[in-house]
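Working through the structure, step by step
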Amino acid sequence: MTLYDLANPTRFLKLVKIVLPWLIAATVIALAVGLYFAFFKAPEDYQQGQTVRIMFVHVPSAQLALMCYAMMALSSVGSLVWKHPLADVSAKASAPIGAAFTFLALFSGAVWGKPMWGAFWVWDARLTSFLVLFIMYLGIIALWKAIEDPIKAAKVNAIITLVGVINVVIIKFSVEWWNTLHQPASIIRADGPAIHSSILIPLGLMALAFVFLFVTLHLMSMRNEIMRRRIRAMRMRAASVVPAASSSTITKPAPAGAR
Amino acid sequence: MNWMKCLFVREYQLANRVGGGALIGVLFFLAVVTIFPFGVGPDMILLARIGAAILWIGALLATLLGLDRLFQADREDGSLELLVMSGRPLELVVLVKCAAHWTATGLPLVLATPILSLFVGLDFESIVRVTLTLLVGAPALTLLGAVGAGVTVSMRRGGVLLSILVIPLAIPILIFGVSAAMAGAIDSNNFLVPFMFLCALTLFGLVVGPLAAAAALRVSGD
Amino acid sequence: MNHVDFEVGSGEALIVQGPNGVGKSSLLRVIAGLVAKAKGTIELEGGMPERSVAEHSHYFGHLDALKPLQSVLENLSFWRSFFEAADFGDGKVRESMSEMEALETLGIAHTATLPAGYLSAGQRRRLSVARLLVVPRPVWLLDEPTSALDKASEEVLLGLIADHINAGGLVVAATHLPLNLPNTRYLNLSPVTTESEHMFASDDLDDYFDEDEQGEG
């Protein structure tokens, strides 16, 4: 099966139907094993105690938040360069998932931050960058909702997503610069230089589980979006068909020369 | 080149004739700066400390306020179709429109900055710094804003969405602008480093803004 | 639109007909370069090779592209300087009218210094037509050109279009009203599903992107 075949919505849907049960199973197993390791195998932190376990949700969420944006950007290239509707569908499906993972990263960060920093929110460079990312996701979702024509919406969103990609790098850099300016070297990093394998293994498992989760959600969301567009297309077709009885009286028969 | 001059003149005239032109933006700027002391209290020392930030945020909001009509008015009366189909490079058309729009609405904000600086108790050198950073940085706001204006051109009430989309993009400009404005003496590194970054962002906007906005406008014709 | 295939010669008019929503306007917008075509070619024989068909064309749509706060003359002068003139190809170069000549031809010279916002709907339409006169371009794309015009204005407009055709110009007009023009050909469009809906409504990719448009002048 080539990429060209995949580009056909019907064949894509068939493939999704076959793959999805396996993906769901893989996600559930990976999540179960990962959570088991995270809760029962990973040691407590000698300073943070049990709260360190939030990391096993926080870090993969943050990772996925960025991965979703990368997915969206790649899809945007696809819809601008190859103008393919399936790339549009993929970009549209990524946005809410990315927003959800970004929210999860922010929320788990805040909950983790309370015992660590004594406050739910600090203007740490990473948290701030993620807040900006969250706003960008929500803006893109709003833009999808604001334009009725899906093809136009896709192109416009692709443009703003790609401008955003260049800007995310600048934002990241500028926010870090800004942060060191205001509170020099007070950032607490979750990933120190050396992480013990007892933490690294559950972290890796959770990261893998989250990737499976993302692929599953993304494919399901794409499937739903294709269904939605199919309904839209059928409705538009239903509206444009002239009933047989009235067509002879109101409109002339179609003349030759065009189809 | 003549067509660019004609476009600039027309856009400048229209920006000045429609809806109070430059004055309305400056009035909004004044309103934003006025409302801060009511929020934080009439403490001149505190106001002087955050004065540069107040002015920058005021200028940012005033710039965003006027941007939603940048292409929308042309779309509504059919001019946009002609601008797109004429065969003139749309990127240049966007650039000229941004330049005219900034001259008509952004430049008055920069000119008003020294006067508004007095309300927040800035000293002479700070006033020079804030005005200088706004002069260099405000065009970047207009250029990145043009992307938002192009993307929301087909929406009836696209102004709010435009702001939501553009504000994240404007964060680096604000960071470097305010950092340079609040730094120590003008000739020191503290000022020059963020100031140079600010210049770089404006140059970046000069490229990305017209390219992306023109792409969005082409889509709007479909 | 699928399988639209037509040719228009120099000194001819093509009238595009069909029921509402069939894509008459879309066809003109595709030729004008406002809408990207999914597939197919639009060519202008004898035109300037480095320029697209759109750059040889005037597009006269439903909207007047006038700024109400600028004077009639300012409006017209701007478009005159903004649009680049294009050759008629075979040496039949038409000299452009000045702004005032065009306004006189259309009978609105007395409004030259007034803001365009003061004009009536018919006068605005005439001012919009004046743009086609002050910049010579061989192809005129007219979308419902006679809508919102009274009888007298319609006569004036049809006369101008006929002059353009006789001078070797090329006209493509979308209309559902009869137009009395010389050297007319007809293109009838009938409804089919548009290609974007097709993609999701049909299972067959081969039918997708099956458009072929040709125009030769």
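Residues numbered from 1 in each chain as written. Chains lettered and ligands numbered in written order. Predicted model: local features only at pLDDT ≥ 70, side-chain atom pairs only at ≥ 80, totals over all residues. Heavy atoms only, no water.

Overview of the overall build of chain C
The number of helices and strands found in chain C is six helices and five strands. Buried positions account for 53% of the 217 residues belonging to chain C. Partitioning the intrachain contacts of chain C with sequence separation of at least 6 by distance along the chain shows that 77% fall at a separation of at least 24. For chain C, the exposed surface amounts to about 8800 Å²; the carbon and sulfur share of it is 49%. (Helix = DSSP H or I, 4+ residues; strand = E, 2+ residues; numbered from the N terminus. Buried < 20%, exposed > 50% of the residue type's maximum accessible area, 1.4 Å probe, protein only. Contact = heavy atoms within 4.5 Å. Areas by Shrake-Rupley, 256 points an atom, 1.4 Å probe, with all protein chains shown as cover.)

Looking at the pairing of strand 3 (residues 139–143) of chain C
Residue and element names in this part refer to chain C. Burial of strand 3 is extensive: five of the five residues sit out of reach of the surface. Both faces of strand 3 are covered, namely the face carrying Val139, Leu141 and Asp143 and the face carrying Trp140 and Leu142. Relative to strand 3, strand 2 (residues 57–60) runs parallel, the two being bridged by four bridges. What sits directly across from Tyr59, in strand 3, is Leu141. In terms of handedness, the path from strand 3 via helix 5 (residues 151–166) over to strand 4 (residues 170–174) forms a crossover that is right-handed. (Pairing = 2+ DSSP bridges. Right-handed = clockwise from strand over helix to strand, strands pointing away.)

With respect to the nonpolar core
Counting residues in hydrophobic clusters, the biggest one holds 177 residues, and the most contacted among them are Leu143(A), Phe71(B), Phe82(C), Leu127(C) and Ile161(C). Residue contributions to this core peak at 13 residues, all from helix 7 (residues 124–151) of chain B. The contact partners of Phe71(B), leaving out residues within four places of it in the chain, are Leu80(B), Val94(B), Lys97(B), Ala146(B), Ala149(B), Gly150(B), Val153(B), Ala213(B) and Leu217(B). Formed by 11 residues, the second largest nonpolar core is a distinct cluster that contains Leu23(A), Leu86(A), Leu219(A) and Ile226(A). (Core = buried A, V, L, I, M, F, W, Y, C linked by side-chain atoms within 4.5 Å.)

Let's talk about the pattern of salt bridges
Applying the stated criterion across every chain yields a total of 17 salt bridges over all chains. A salt bridge links Asp74(B) to Lys67(C); its shortest N-O distance comes to 2.5 Å. Placement of Asp74(B) in helix 4 (residues 69–77) and of Lys67(C) in the loop between strand 2 and helix 2 (72–82) is noted, with the two residues assigned to different chains. The same class applies to Asp74(B) as to Lys67(C), namely buried. Between Glu91(B) and Arg218(B) there is a salt bridge whose closest N-O contact spans 3.5 Å. Of this pair, Glu91(B) sits in helix 6 (residues 90–119) while Arg218(B) sits in helix 9 (residues 189–220), and the two are 127 residues apart along the sequence. Assessed through its relative accessible area of 25%, Glu91(B) is described here as partly exposed. Within this structure, Glu11(B), Asp74(B), Asp77(B), Lys97(B) and Lys67(C) form a network of salt bridges that share partners. (Salt bridge = Lys/Arg side-chain N within 4 Å of Asp/Glu carboxyl O.)

A few points about the interface of chain C and chain B
Contacts between chain C and chain B engage 27 residues on the former and 28 residues on the latter. Between chain C and chain B, the buried area comes to about 2400 Å², and carbon and sulfur atoms account for 59% of it. Linking chain C with chain B are four salt bridges. The salt bridge partner of Arg29(C) is Glu81(B), with a shortest N-O separation of 2.6 Å. (Buried area = accessible area lost by both parts, 1.4 Å probe.)

Regarding a nonpolar patch on the surface
On the surface, a cluster of nonpolar side chains totalling about 500 Å² of accessible area is made up of Leu23(B), Leu27(B), Leu30(B), Ile115(B) and Phe119(B). At the level of elements, helix 2 (22–40) and helix 6 of chain B are the ones that each hand at least two residues to the nonpolar patch. (Patch = residues over 30% accessible without salt bridge, like charges linked within 9 Å, V, L, I, M, F, W, Y side chains within 5 Å.)

A short note on the packing of aromatic side chains
Aromatic rings considered in pairs are described by the distance between their centres and by the relative angle of their planes. Under the counting rule described, the total for this entry stands at 20 aromatic pairs over all chains. Consider the rings of Trp3(B) and Phe82(C), whose centres lie 5.4 Å apart with planes at 85 degrees: the pair is edge-to-face. Taken together, the positions of Trp3(B) in helix 1 (residues 2–17) and Phe82(C) in helix 2 put the pair across two chains. For the pair formed by Trp3(B) and Phe82(C), the shared burial category is buried. Ring centres 6.2 Å apart and planes at 85 degrees place the aromatic pair Phe82(C) and Phe83(C) in the edge-to-face group. Stacked on the ring of Phe78(C), the Lys or Arg Arg10(B) has its end atom at 4.0 Å from the ring centre. (Phe/Tyr/Trp six-rings, centres within 6.5 Å; stacked < 30°, edge-to-face > 60°. Lys NZ or Arg CZ within 6 Å of the ring centre and 35° of its normal.)

Regarding helix 1 of chain B
The end-to-end C-alpha distance of helix 1 of chain B, which contains 16 residues, comes to 23 Å, matching closely the 22 Å that a straight helix rising 1.5 Å per residue would cover. Of the positions making up helix 1 of chain B, those classed as buried are Trp3(B), Met4(B), Leu7(B), Arg10(B), Glu11(B), Leu14(B) and Ala15(B). One face of helix 1 of chain B carries all of its buried residues, which in axial projection span an arc of 130 degrees. On the buried face of helix 1 of chain B, the contacting elements are helix 2, helix 4, helix 5 (79–85) and helix 6 of chain B together with helix 2 of chain C. (Expected span 1.5 Å × (residues − 1). Arc of directions from axis to C-beta.)

So, the sheet that holds strand 2 of chain C
All names here are of chain C. Pairing is parallel across the open sheet formed by five strands, whose spatial order is 2-3-4-1-5. Each of the sheet's edge strands pairs with one partner strand only, and the pair in question is strand 2 and strand 5 (184–188). Each strand of the sheet is rotated relative to its neighbour by a mean of 15 degrees, with strand direction disregarded. Here five bridges tie strand 1 (residues 12–17) to strand 4, and the two strands are oriented parallel to one another. (Axes fitted to C-alpha atoms, helices over the stretch in contact; angles between N-to-C directions.)

With respect to a negative patch on the surface
On the surface, Asp5(C), Glu7(C), Glu43(C) and Glu45(C) cluster together to form a negatively charged patch. Mapped onto the elements of the fold, Glu45(C) is located in the loop between helix 1 (24–31) and strand 2. (Lys, Arg positive; Asp, Glu negative; His and termini not counted. Charge placed at Lys NZ, Arg CZ, Asp CG, Glu CD.)

Digging into the packing of helix 7 of chain B against helix 8 (residues 159–182) of chain B
All names here are of chain B. Viewed as axis vectors pointing N to C, helix 7 and helix 8 meet at an angle of 165 degrees, and their least axial separation amounts to 9 Å. Taken together, the axes of helix 7 and helix 8 lie roughly antiparallel to each other. Where helix 7 crosses over helix 8, the handedness of that crossing is right-handed. On the side of helix 7, the interface is formed by Arg129, Val130, Thr133, Gly137, Ala140, Leu141, Leu144, Gly145, Gly148, Ala149 and Val151, while helix 8 contributes Leu162, Leu165, Val166, Leu169, Ala170, Ile173, Gly177, Ala180 and Ala181. By residue class, the composition of the contact of helix 7 with helix 8 is 14 nonpolar, five polar and one charged. (Parallel < 35°, antiparallel > 145°, perpendicular 65-115°, else oblique. Left-handed = near helix turned anticlockwise from the far one by under 90°. Nonpolar A, V, L, I, M, F, W, Y, C, P; charged D, E, K, R; others polar.)

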